[in-house]
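Topology and contacts: notes
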Amino acid sequence: MINILFAAKAERWPTYEAPLKQAFADLGLEVDLRQEFSPEEVDYIVYAPNSDVQDFTPYTRCKAVLNLWAGVEAITGNDTLTQPLARMVDSGLTEGMIEWVVGHVLRHHLGMDLHIRGQDGEWRSHVPPLARERRVTVLGLGELGMAAAEALAGLGFPVTGWSRRKKTLDKITALSGDEGLKQALEQADILVLLLPLTPGTENVIDTEALALMPQGAVIINPGRGPLIDDDALLAALDTGQIGHATLDVFRIEPLPRDHPFWAHPNVTVTPHIASETRPITSSQVIAENVRRGETGEPFLYLVDRGAGY
Ligand SMILES: NC(=O)c1ccc[n+]([C@@H]2O[C@H](COP(=O)([O-])OP(=O)(O)OC[C@H]3O[C@@H](n4cnc5c(N)ncnc54)[C@H](OP(=O)(O)O)[C@@H]3O)[C@@H](O)[C@H]2O)c1
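Residues numbered from 1 in each chain as written. Predicted model: local features only at pLDDT ≥ 70, side-chain atom pairs only at ≥ 80, totals over all residues. Heavy atoms only, no water.

1. With respect to the pairing of strand β3 (residues 44-47)
Side chains Y44 and V46 of β3 all project onto a buried face; the interleaved residues I45 and Y47 project onto the opposite face, where all are buried too. The sheet contact formed by strand β1 (residues 2-7) and β3 spans 4 bridges and is parallel. Each bridged residue has a counterpart across the sheet, and for L5 the counterpart in β3 is I45. Both β3 and strand β4 (residues 64-67) contribute to a ladder of 4 bridges, which runs parallel. Across the sheet, residue I45 finds its bridge partner in β4, namely V65. (Buried < 20%, exposed > 50% of the residue type's maximum accessible area, 1.4 Å probe, protein only. Helix = DSSP H or I, 4+ residues; strand = E, 2+ residues; numbered from the N terminus. Pairing = 2+ DSSP bridges.)

2. Focus on the sheet that holds strand β6 (residues 136-139)
In spatial order, the strands read β8-β7-β6-β9-β10-β11-β12; together these 7 strands make up an open sheet with parallel pairing. Each edge of the sheet is formed by a strand with only one pairing partner; in this case those strands are β8 (172-176) and β12 (267-269). Between one strand axis and the next, the sheet turns by 15 degrees as a mean value, whatever way the strands run. Sheet analysis places strand β7 (residues 159-163) next to β8, joined by 5 bridges and oriented parallel. Bridged to V159 within β8 is I172. The sheet contacts of helix α2 (residues 91-110) involve β6, β9 (190-193), β10 (217-221), β11 (242-247) and β12, and relative to β11 the element is tilted by about 155 degrees. (Axes fitted to C-alpha atoms, helices over the stretch in contact; angles between N-to-C directions. Contact = heavy atoms within 4.5 Å.)

3. Brief notes about the nonpolar core
Counting residues in each nonpolar core, the largest one holds 32 residues, and the members touching the most others are I205, I219 and L233. Put simply, the parts of the chain that give this core at least two residues each are α5 (177-186), β9, α6 (207-212), β10, α7 (230-239), β11 and β12. Broken down by element, this core gets its largest block of residues, 5 residues, from α7. What L233 contacts, discounting residues up to four positions off in sequence, is L210, I219, I228, I242, A245, L247 and F261. Counting 26 residues, the second largest nonpolar core, distinct from the first, contains A149, L152, I190 and I220. (Core = buried A, V, L, I, M, F, W, Y, C linked by side-chain atoms within 4.5 Å.)

4. Side note on the site of the ligand
What surrounds the ligand is a group of 30 residues, the closest being R87, R165, K167, S275 and Y309. Between the ligand and the protein, one listed contact pairs an oxygen atom with a side-chain N or O atom of R87 at 2.7 Å. For the shell around the ligand, the leading source of residues is helix α4 (residues 143-154), giving 3 residues. Looking at the shell around the ligand residue by residue, the classes come out as 13 nonpolar, 10 polar and 7 charged. (Near = heavy atom within 4 Å. Polar contact = N/O pair within 3.5 Å; in protein donor to acceptor, adjacent residues only side chain to side chain. Nonpolar A, V, L, I, M, F, W, Y, C, P; charged D, E, K, R; others polar.)

5. So, the pattern of salt bridges
Enumeration according to the criterion identifies 16 salt bridges in this entry. Note that R12 is salt-bridged to E276, the shortest N-O span being 3.6 Å. Here the residue R12 occupies a position in the loop between β1 and α1 (13-26), and E276 occupies one in the loop between β12 and α9 (279-295), the gap between them amounting to 264 residues. E276 gets classed as partly exposed once you look at its relative accessible area, which sits at 46%. Notably, a salt bridge pairs R124 with D120, separated by 2.8 Å at the nearest N-O pair. With a relative accessible area of 28%, R124 lands in the partly exposed category. Shared partners join several salt bridges into a network, and the residues in it are E288, R291, R292 and E297. (Salt bridge = Lys/Arg side-chain N within 4 Å of Asp/Glu carboxyl O.)

6. Thoughts on the sheet that holds β1
Strand order in the open sheet formed by 5 strands is β2-β1-β3-β4-β5, and the pairing between neighbours is parallel. The open sheet is flanked by β2 (31-34) and β5 (85-86), the only strands paired with a single partner. Packed onto the sheet, α1 meets β1, β2 and β3 and runs at close to 175 degrees relative to β2. With respect to the sheet, α9 is in contact with β1, β3, β4 and β5, its orientation differing from that of β3 by roughly 160 degrees.

Just geometry here; none of it tells us what the structure is for.
This is the structure we're talking about:
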């Protein structure tokens, strides 16, 4: 019997219990899945970083911590965690992110607000340019950034991507390094942020970065709030250097009611809903990692603690 602790907020248990049990059964794994165990009995932890488990020291026989979230910044600095940590790569999460990013890019590209907000009797015959005439830059070419970049390229947008390690890609101009970032920003009529939050990415969008972007550019951030220097962004919105910012993630969540983003006419706030881990597909990923742990195969999607993601 494999003992698996479900360490997430209690309200997530009804959503995950059946899909996880099904996924373990489908792989022939005999599992005792519970929300409580004596720590020393636990073989794996299915984990959400906002759970009550913050000290991993007593989990002496735990073979891996399997994160339910794609973002791991809240756990990479936890020195009590010595076990392998896998982050969530979930096809359902990826699909959701593609849809959210494409939807918000198209909103700005097509100028949808003009007609949605402007039902005032005036016949505004504004014809938007074609996708191939609008340059999109995606910072972060991982599971989510790459999927979004490919979907946008598939629609005809000239897409530039930026990642830590240099990539060679067919339909996306792939850049890396400081000079690559500068070039990527200069071409960003629309900028999508899908970087993880690490010491190397915090405040990547600061005053200097904003000034490199084409005037009136749009920023779409479903990555993490601290990727952007908030004050620098507000200043750039006020001068018109940035035309609009659609923000899903924030330094403090929920975004405080008095934060200037809420009232700014050129900011759209969405409440960290760009995409969520989907119970059925993510449970299959977790079960596969438990199977691997039991057979001694390497775990999927291990976090590089040194790199921070
Ligand atoms: N808003 C939401 O609902 C939501 C939902 C899920 C995830 N997210 C956020 O999305 C982020 C990305 O997820 P993911 O699964 O795509 O992550 P991932 O697969 O780990 O990809 C991260 C990408 O960022 C690049 N990167 C990391 N550090 C960098 C640096 N210092 N300079 C340049 N590039 C750097 C990586 O480069 P390499 O390719 O060279 O490694 C990689 O391309 C998560 O960390 C999370 O914060 C948000």
